[in-house]
Each structure stands twice: as C-alpha cells, then as structure tokens.
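Architecture at a glance
Listed below are the residues making up each chain.
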Amino acid sequence: MTLTAEPVRRARRKAAHGPEPAGPCVLAIFGITGDLTRRLLLPALYNLERHKLLPSHFAIAGFALSDMNEAQLRESFEEELKQHLGGDADKTLIHSLVSRIGFVLADFESEAGWRQFHQILSGFDRDFHTGGNYLFYMATAPQFFLPLMKRVAAEGLLNESEGHWRRVIIEKPFGHDLASARALNRELLTVIGEGQIYRIDHYLGKETVQNILVFRFANGIFEPIWNRRYIDHVQITVAEVVGVERRGPYYDQTGALRDMIPNHLVQLLALTAMEPPASFSATALQNEQVKVLESVPPINPEECSSCVVRAQYTRGSLGEVVVAGYREEPLVDRDSETETYVALKTMVDNWRWAGVPFYLRTGKRLRRRNTEIAIQFRNPPLALFRRSGSSLPQPNRLVIGIQPQENMRLEFECKVPGPLIETTEVDMHFDYGEYFGIETRTGYETLLYDAMIGDASLFKRADMIEGGWAIIQPILNAWESGRGGDLYEYSAGTDGPNAADELMWHDHRRWRPV
Ligand code: BG6
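Residues numbered from 1 in each chain as written. Predicted model: local features only at pLDDT ≥ 70, side-chain atom pairs only at ≥ 80, totals over all residues. Heavy atoms only, no water.

One open sheet accounts for six strands, arranged β3-β2-β1-β4-β5-β6; its pairing is parallel. In this open sheet, the two strands that pair with only one neighbour each are β3 (101–105) and β6 (197–199). For this sheet, the mean angle separating the axes of adjacent strands, direction not counted, is 20 degrees. Relative to β6, strand β5 (residues 166–170) runs parallel, the two sharing three bridges. Paired with V168 across the strands is I197, a residue of β6. (Pairing = 2+ DSSP bridges. Helix = DSSP H or I, 4+ residues; strand = E, 2+ residues; numbered from the N terminus. Axes fitted to C-alpha atoms, helices over the stretch in contact; angles between N-to-C directions.)

Here's what the structure looks like:
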C-alpha cells in the first residue's frame with residue numbers, strides 16, 4: 001500500500017464540497033438477523049441514505065439462519081426500523097432500503113445456501129449495477145469469523161483481480177487473548193490481504209472520539225502543553241449503567257477486562273497519547289497509534305494486584321429501582337468469578353509521557369453512564385493563595401466528554417467577586433449538541449461509509465489489535481495463575497469498588513466522580 005494511493009480523511013474534502021455518495025456496491029451481511037443489524041447497521045444505512053451518502057447503485061445481501069421466512073423478516077426489519085427511528089422517520093426510505101435486501105436463509109455450511117448467495121450477488125450486479133464490488137460484514141458470533149472468511153475465499157468472492165473491490169468488516173471480539181488474536185490475524189492473512197480487512201472498533205465511529213484528533217492537531221494551543229511537563233495524569237473512564245442484558249453467556253466468558261480494555265479504552269488512550277501523524281492517511285494515523293501501544297510497558301504479574309483492581313456488581317439500586325447482582329443475572333453462573341469492573345494504572349514510556357500515569361476504568365451497573373477522558377494538569381509551582389482563607393486551588397483539568405455528554409470542559413480557578421482573594425473552580429464549556437444541534441446517529445454511519453470508499457483510517461490494523469491484547473495479556477496471565485489479587489464487590493448503582501479508590505490514594509490522587 002502506498003501513501004499516495006490512500007484516501008486522506010474526508011474532513012478536508014467535506015470542507016471543500018461536501019462528501020459524495022460512495023461508489024456502487026453490495027453490502028453482504030453474515031448474521032443479518034441478529035441485534036447488530038437491527039439496532040445499528042440498518043439505522044446507520046438509513047441515516048447514510050438520508051444524507052445521500054449511500055451509493056446510488058446499492059443493495060444488501062443477508063446470510064443467516066432464521067425461523068422467519070423472507071417476507072416476515074422484511075416486515076420485522078421495517079417495523080423495528082420505524083420504531084427505532086421514531087415518528088419523524090421517512091417511511092418510503094425505510095421501505096426502499098428494506099426492499100433492497102436479498103436473503104439466504106440457511107446454515108453457513110449449506111451448499112444450496114452458497115449457490116443462492118452467488119445468484120443474489122450476480123443478480124444485484126445485473127439489476128442494480130453494483131459492479132461486482134462487495135463489502136462483507138461479519139456480524140456473526142466470533143467463532144464463525146475464520147471459517148466464514150475461508151469459505152468466502154474458497155467461493156472466489158475475495159478475488160479483486162477483475163476491476164472490482166472486495167472488502168471485509170470484522171466485528172469485535174477479535175480473539176480472546178493475544179495468542180488467539182495473533183492466530184486469527186495469521187489465518188485471515190492466508191486468504192485475504194491486509195488492505196481488504198476492516199477491523200471495527202465502534203468507538204472510532206463516535207464523533208467525539210474522532211474529534212480528539214481534530215482537537216489535538218487542528219489547534220496550536222494545546223500541543224505545547226500536551227506532555228509530561230504540564231500533565232500530571234490522565235483518567236479514562238467508560239462507565240455504564242446497563243448490566244449484562246441478554247449477553248450473559250458471552251459476558252461470563254469474557255469479563256470487563258477483555259470486553260472493553262484492549263479495544264475501546266486502549267483506543268482512547270492511543271488517540272490521547274499519539275504523536276502528530278505525518279498526514280491524515282490511514283497508514284500514518286495507524287503507525288502513530290501503534291507506537292503508543294508499543295510504549296506501554298508490560299505490567300509485572302507480581303505487581304498486578306497493586307495496579308489492577310477487578311470487581312463484580314452485587315444487588316443494588318439505580319435511583320428507585322432495585323437491580324439484580326451479576327450472579328443473579330439470566331444465564332450467568334451463580335458462582336461466577338467474572339469481573340464486571342476493572343480499574344488499572346498504566347504508563348506510556350516515551351519522551352512525551354514518561355512518568356505520567358494513565359488510569360483506565362470501566363464497569364457495568366455503575367451510578368451513571370459516562371465516557372470521558374480527563375487530562376489533569378500539574379499544580380501551579382507555588383501555592384500563592386494558600387493563606388487567603390479559601391480552600392487550596394484545584395489543578396486544571398481538560399475533560400473530553402465522549403458520551404452521553406458530548407462536550408469539552410476546561411476547569412480552572414477564578415477569583416470569587418468581593419474584597420477578599422477567594423478562589424473557586426469554574427469551567428469553560430463547549431457542547432456539541434448546543435453548537436451543532438443534536439442528530440441521532442449510531443456511530444456506524446462513518447464506519448460503513450469509510451469501508452465503502454476504502455478509507456481505513458478509522459479501522460484497526462492487525463498490529464493495533466495485537467498491541468491492545470499485549471497490554472492486558474500479563475493481567476490475564478496473573479489472574480489465571482492466581483497472582484492477580486482479589487475479586488472485589490461493588491453495589492450496583494455506585495461508583496465502583498473502594499479498592500479502586502485505594503489504587504488512586506496510593507498515588508495521592510483521586511478518581512473524578514463517575
Ligand atoms: C461493546 C461491549 O463493545 O461496547 C459492551 O461488548 C459495551 O459490553 C459496549 O456495553 C459499550 O459501547 P457504548 O458505545 O455504549 O459505549
């Protein structure tokens with residue numbers, strides 16, 4: 001892949017004359033009957049179509065087992081989409097989108113199913129002029145990723161040699177640990193080129209996450225202070241109110257560490273800590289992120305219990321509502337030792353960040369939904385106002401609100417009006433919704449559109465995936481060998497376990513409230 005051949009992120013093009021619709025293609029979704037298609041992919045396609053970004057020559061092929069027949073499925077997709085999008089939804093658009101789906105309702109091993117799949121694809125090329133360009137989407141359980149890709153390759157559907165492109169979007173979880181992620185990458189690359197694989201992390205589809213890059217590299221004033229000289233530490237929080245919902249069997253085998261840290265939280269860390277890329281091409285952006293991952297020193301298994309805290313929620317209340325503890329959740333082992341919360345301290349050992357801790361925490365059934373990155377700056381060198389009678393000034397903080405609040409806040413000290421020198425903390429605030437208006441998006445719009453136009457900058461390369469797993473592998477090892485410390489408890493509806501606070505107190509710091 002050459003740098004010049006790569007699309008450079010759309011931001012520039014957008015500013016010039018607005019994005020154009022993607023070129024002709026078929027989106028082929030394996031596992032089309034699942035929640036992902038209903039809750040995220042179809043609404044995202046609807047939003048793209050509404051903004052005239054879907055190709056004018058476009059169709060959807062779906063391959064999955066189902067109890068319903070084709071007509072019933074179409075009807076249920078249409079109904080759900082209407083419900084999801086609310087009263088203002090454009091019903092004609094919904095109908096036209098759903099009527100462009102061709103279904104293969106069969107087992108992935110079914111020979112007849114594959115014959116029908118070929119017929120659907122070539123029928124679309126003929127009737128919708130989709131040009132033989134296929135974007136395959138692996139929306140299945142992870143154990144199907146590899147066998148399916150091998151089958152798609154064996155069917156000759158990954159072959160790009162005839163003037164058309166073939167690409168594959170692969171969902172998470174990409175592997176279960178470092179070894180399995182490496183093996184999956186290795187095996188995939190025997191049947192498909194790296195340039196054809198789009199490994200998804202839906203966090204990269206969020207506007208506020210993409211804005212970290214713009215905020216850092218399109219403004220001159222932050223970069224000079226974005227380093228160990230001015231920054232005391234960074235806190236990255238992904239707090240969720242939801243429990244495990246209907247995903248008990250998956251989650252109980254996975255836990256908070258695997259589910260969230262090597263992908264979403266490490267992604268936020270990489271964007272916060274990376275160096276400015278040489279350009280906005282996918283390769284340049286990904287190279288800089290990989291350098292960050294490589295600079296994270298492995299956690300020493302002996303020290304794991306002092307820098308990593310894991311915990312599980314017990315019965316508690318969210319407002320007035322009493323909610324079950326994790327072990328009482330449906331399809332969860334009653335003696336489960338799976339963590340639903342994890343907090344850890346890590347470092348980025350390079351010239352910019354040496355000595356600056358990055359604290360990461362995530363948990364389910366916490367008091368509030370809140371994803372944010374808080375950059376805490378160093379205290380002023382002299383406590384000049386200590387004698388003024390007011391409390392000690394708070395350090396400055398820049399808080400990047402990712403969700404549900406999409407904002408940026410700069411917290412600083414200010415003089416309270418009056419004859420005395422009294423200080424108080426205030427903030428300057430930028431709110432996305434207030435400024436740009438609120439628009440319902442799933443986060444998958446950008447990712448689907450980018451994969452259709454061949455822009456991989458918001459996707460993960462093999463080394464990024466492996467870099468994320470490499471960071472948590474020593475923790476997994478320590479836990480497995482019984483050296484990882486206790487599994488603590490926290491009541492649902494709280495900020496998490498006390499042990500996480502102790503991790504901070506040990507460093508004379510404290511978490512921001514969830
Ligand atoms: C998924 C995890 O990747 O991300 C879920 O598997 C989690 O457990 C979800 O709830 C969080 O995503 P978001 O966009 O709601 O922060």
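In summary, soluble globular proteins display a tendency toward joint burial of nonpolar side chains. Judged by nonpolar contacts, the single largest core of 154 residues is most densely connected at F30, L45, F117, F136 and Y137. Top contributing element to this core by residue count: helix α9 (residues 248–273), with twelve residues. Apart from residues lying up to four places away in sequence, Y137 is in contact with L27, A28, I29, F30, L36, L41, I169, E171, I200, Y444 and L448. (Core = buried A, V, L, I, M, F, W, Y, C linked by side-chain atoms within 4.5 Å. Buried < 20%, exposed > 50% of the residue type's maximum accessible area, 1.4 Å probe, protein only. Contact = heavy atoms within 4.5 Å.)

The environment of the ligand is made up of K172, H202, Y203, K206, E240, R247, D259, M260, H264, K364, R369 and Q403. A distance of 2.6 Å separates an oxygen atom of the ligand from a polar atom in the side chain of D259. Within the contact set of the ligand, an oxygen atom lies 3.4 Å away from a side-chain nitrogen or oxygen of R369. Burial of the ligand by the surrounding chains reaches 83%, relative to a free accessible area of 400 Å². (Near = heavy atom within 4 Å. Polar contact = N/O pair within 3.5 Å; in protein donor to acceptor, adjacent residues only side chain to side chain. Areas by Shrake-Rupley, 256 points an atom, 1.4 Å probe, with all protein chains shown as cover.)

To continue, consider the packing of helix α2 (residues 35–50) against helix α4 (residues 91–99). It is the contact of α2 with α4, at a shortest axis distance of 10 Å, that shows an interaxial angle of 120 degrees. Taken together, α2 and α4 sit at an angle that is classed as oblique. Between α2 and α4 lies a crossing whose hand is right-handed. Between α2 and α4, the residues in contact are L42, L45, Y46, E49 and R50 and L93, I94 and L97, respectively. Here the contact of α2 with α4 is composed, by residue class, of six nonpolar, no polar and two charged. (Parallel < 35°, antiparallel > 145°, perpendicular 65-115°, else oblique. Left-handed = near helix turned anticlockwise from the far one by under 90°. Nonpolar A, V, L, I, M, F, W, Y, C, P; charged D, E, K, R; others polar.)

This part is about the pattern of salt bridges. The final tally for this structure, using the stated rule, is 32 salt bridges. Between R352 and E275 there is a salt bridge, with the nearest N and O atoms lying 2.7 Å from each other. Taken together, the positions of R352 in the loop between β11 (341–346) and β12 (358–363) and E275 in the loop between α9 and α10 (282–295) put the pair 77 residues apart, joining distant regions of the chain. Across the salt bridge formed by R327 and E337, the nearest N and O atoms sit 3.5 Å from each other. (Salt bridge = Lys/Arg side-chain N within 4 Å of Asp/Glu carboxyl O.)

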